[in-house]
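# Residue-level structure breakdown
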Amino acid sequence: DAKTTQPTSMDCAEGRAANLPCNHSTISGNEYVYWYRQIHSQGPQYIIHGLKNNETNEMASLIITEDRKSSTLILPHATLRDTAVYYCIVRVVGGGADGLTFGKGTHLIIQP
Amino acid sequence: GAGVSQTPSNKVTEKGKYVELRCDPISGHTALYWYRQSLGQGPEFLIYFQGTGAADDSGLPNDRFFAVRPEGSVSTLKIQRTERGDSAVYLCASSLGDSYNEQFFGPGTRLTVL
């Protein structure tokens, strides 16, 4: 799976949009971009994934650049409960090796 | 519905002892994963089951680590001759089986080897 690069930490004010960047310049054509987050002392939680089109669900939006070398996860109205470590993961789907490869992620801190 | 459960939530053992960690996946999920997370790091993949068989055990660090899933549901991670470096949170996840699907994680078992 391709390697990802994320900032170590970010702050965001409560109620504002949180924009979390991820670089994946070596991504292959058959690799998807996945985002998970991990709230302190809990297991990771799936947020969203995409291949090349932008995606939106009830939790977040995922914006993938046209060349697919980077993406941004957007939490539209951040709350204190969104404080967590956010992991950007690039992986082949259906390739048989289904384990997720986590990096160190971005520690997002929502400030009141 | 019930999520992924893991027991025990905490386990303290002494160096050299044998431990078993249990995972109960979401009912109907055919895929099951084990991960290990050390302090300040992201989770590290250990092994993946599809049904009863280990489809990918490339993440197991050495032959002291072994996992089983005899009936395709509950899984047990077994660690022999524990070492202090095995101290970590062991996470289990399950999914519907298609790698396209999201993985649902349990709360983890915190293992401390003294």
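In the block above lies the structure referred to throughout.
The following paragraphs examine the structure supplied in this document. What you see is a predicted model; the values in this text were computed from it and never measured. As a convention, each chain's residues are numbered from 1 in the sequence order in which they are written. Here every chain gets a letter starting at A, and every ligand a number starting at 1, in the order they are written. The predicted origin of the model limits local features to residues at a pLDDT of at least 70 and limits the giving and counting of side-chain atom pairs to 80 or more, whereas totals for whole chains, interfaces and linings rest on all residues. Computation of side-chain values covers all heavy atoms of the structure but excludes hydrogens and water.

## Considerations on the overall build of chain B
To keep it simple, the criterion reads: Secondary structure elements follow DSSP: runs of H or I no shorter than four residues count as helices, runs of E no shorter than two count as strands, and numbering proceeds from the N terminus. The quantity called the radius of gyration is restricted to C-alpha atoms. Its globule counterpart is 2.2 Å times the number of residues to the power 0.38. Working definition: with a 1.4 Å probe on protein chains only, accessible area under 20% of the residue-type maximum means buried, over 50% means exposed, and in between means partly exposed. Whether two residues touch is decided by their heavy atoms; if any such pair falls within 4.5 Å, the residues are in contact. Residue burial considers only the protein chains on display, and all accessible areas are found by Shrake-Rupley using a 1.4 Å probe.
The number of helices and strands found in chain B is 0 helices and 11 strands. The order of helices and strands in chain B, counted from the N terminus, is β-β-β-β-β-β-β-β-β-β-β. Its C-alpha atoms give chain B a radius of gyration of 13 Å, near enough to 13 Å, the size a compact globule of 114 residues would have. Overall size of chain B, expressed as C-alpha extent along the three principal axes, is 40 × 25 × 25 Å. Taken across its 114 residues, chain B has 47% of its residues classed as buried. Pairs at least 24 apart in sequence give 53% of the contacts found in chain B among residues at least 6 apart. Of the roughly 5400 Å² of accessible surface on chain B, 48% is carried by carbon and sulfur atoms.

## Things to note about the pairing of strand 8 (residues 84–92) of chain A
All names here are of chain A. The line we're drawing: Strands were regarded as paired on the criterion that DSSP finds at least two bridges between them.
Most of strand 8 is tucked away, with 8 of its 9 residues classed as buried. Summarising the sheet, strand 3 (residues 31–38) and strand 8 pair through 8 bridges and their orientation is antiparallel. When the bridges of strand 8 are listed, Tyr36 appears paired with Tyr87. Taken together, the 3 bridges between strand 8 and strand 9 (residues 106–111) define a ladder with antiparallel strand orientation. Bridging from a neighbouring strand, Val85 pairs with His107 of strand 9.

## Some words on the pattern of salt bridges
Our working rule: Every case where a carboxyl oxygen of Asp or Glu lies within 4 Å of a side-chain nitrogen of Lys or Arg is listed as a salt bridge.
Enumeration according to the criterion identifies 5 salt bridges over all chains in this entry. Measuring nitrogen to oxygen at the nearest pair gives 2.8 Å for the salt bridge that ties Arg37 of chain A to Asp82 of chain A. Of this pair, Arg37 of chain A sits in strand 3 while Asp82 of chain A is found in the loop between strand 7 (70–75) and strand 8, placing the two residues 45 residues apart along the sequence. Considered together, Arg37 of chain A and Asp82 of chain A belong to a single accessibility category, that of buried residues. Of the charged contacts in the structure, one is a salt bridge between Arg64 of chain B and Glu83 of chain B, with a shortest N-O distance of 3.5 Å. Placement of the pair is Arg64 of chain B in the loop between strand 6 (53–56) and strand 7 (65–68) and Glu83 of chain B in the loop between strand 8 (75–79) and strand 9 (88–95), with a sequence separation of 19 residues. Judged by its relative accessible area of 6%, Arg64 of chain B falls in the buried class. By relative accessible area, which is 40% here, Glu83 of chain B ends up partly exposed. Members of the salt-bridge network, linked through shared partners, are Arg64, Glu83 and Asp86 of chain B.

## Considering the layout of surface pockets
So the rule is basically this: Both site types are read off a 1 Å grid over the protein atoms alone. A 1.4 Å probe that fits but cannot get out defines a cavity, while an open set with protein on both sides within 12 Å along at least five of seven lines defines a pocket; lining residues have an atom within 4 Å of a point. Grid points are joined across faces, edges and corners, and a volume is the space filled by probe spheres set on the points. Think of it as three bins: nonpolar holds Ala, Val, Leu, Ile, Met, Phe, Trp, Tyr, Cys and Pro, charged holds Asp, Glu, Lys and Arg, and polar takes everything else, Gly as well.
In this model, the largest pocket occupies a volume close to 610 Å³. Looking at the largest pocket, it is lined by 29 residues, and the ones nearest its centre are Gln38, His40 and Ser41 of chain A together with Gln37 and Leu39 of chain B. A total of 4 residues in the lining of the largest pocket trace back to one element, the largest contributor, which is strand 11 (residues 109–113) of chain B. Counted by class, the lining of the largest pocket contains 10 nonpolar, 17 polar and 2 charged residues.

## Quick look at the interface of chain A and chain B
Interface size, as often reported, equals the accessible area lost upon joining of the parts. Defined as follows: What counts as buried area is the accessible surface, traced by a 1.4 Å probe, that two parts surrender upon association, with contributions from both included. Polar contact criterion, stated in full: a pair of N or O atoms within 3.5 Å, where within protein one must be able to donate a hydrogen and the other to accept it, and residues adjacent in sequence count only if both atoms are side-chain atoms.
With 21 residues of chain A at the interface, the matching set in chain B holds 17 residues. If you sort the residues of chain A by the area they bury against chain B, Pro44, Asp98 and Phe102 of chain A come out on top, with a joint share of 27%. Summed over the shared surface of chain A and chain B, the result is 3 residue pairs in polar contact (both at pLDDT 80 or more). At the level of elements, strand 3, strand 4 (45–50) and strand 8 of chain A are the ones that each hand at least two residues to the side of chain A that touches chain B. Among the elements that line the side of chain A that touches chain B, the one with the most residues is strand 3 of chain A, at 4 residues. For the side of chain A that touches chain B, the class distribution of residues is 10 nonpolar, 8 polar and 3 charged.

## Structural notes on the packing of aromatic side chains
One pair of aromatic rings is described through two measures. These are the centre distance and the angle between the planes. Quick reminder of the rule: Stacked, tilted and edge-to-face pairs are distinguished by plane angle, under 30 degrees for stacked and over 60 for edge-to-face with tilted covering the rest, among Phe, Tyr and Trp rings (Trp via its six-membered ring) whose centres lie within 6.5 Å. The criterion for a charge sitting over a ring is simple: Lys NZ or Arg CZ within 6 Å of the ring centre, and within 35 degrees of the ring normal.
Evaluation of the coordinates by the stated rule reveals 12 aromatic pairs over all chains. In textbook terms, an aromatic cluster arises when at least three aromatic residues are bridged by ring pairs, as seen for Tyr32, Tyr34, Tyr36, Tyr46, Tyr87 and Phe102 of chain A together with Tyr33, Tyr35, Phe45, Tyr48 and Phe105 of chain B. For Arg91 of chain A, the ring lying beneath its charged end belongs to Tyr34 of chain A, and the centroid distance is 5.1 Å.

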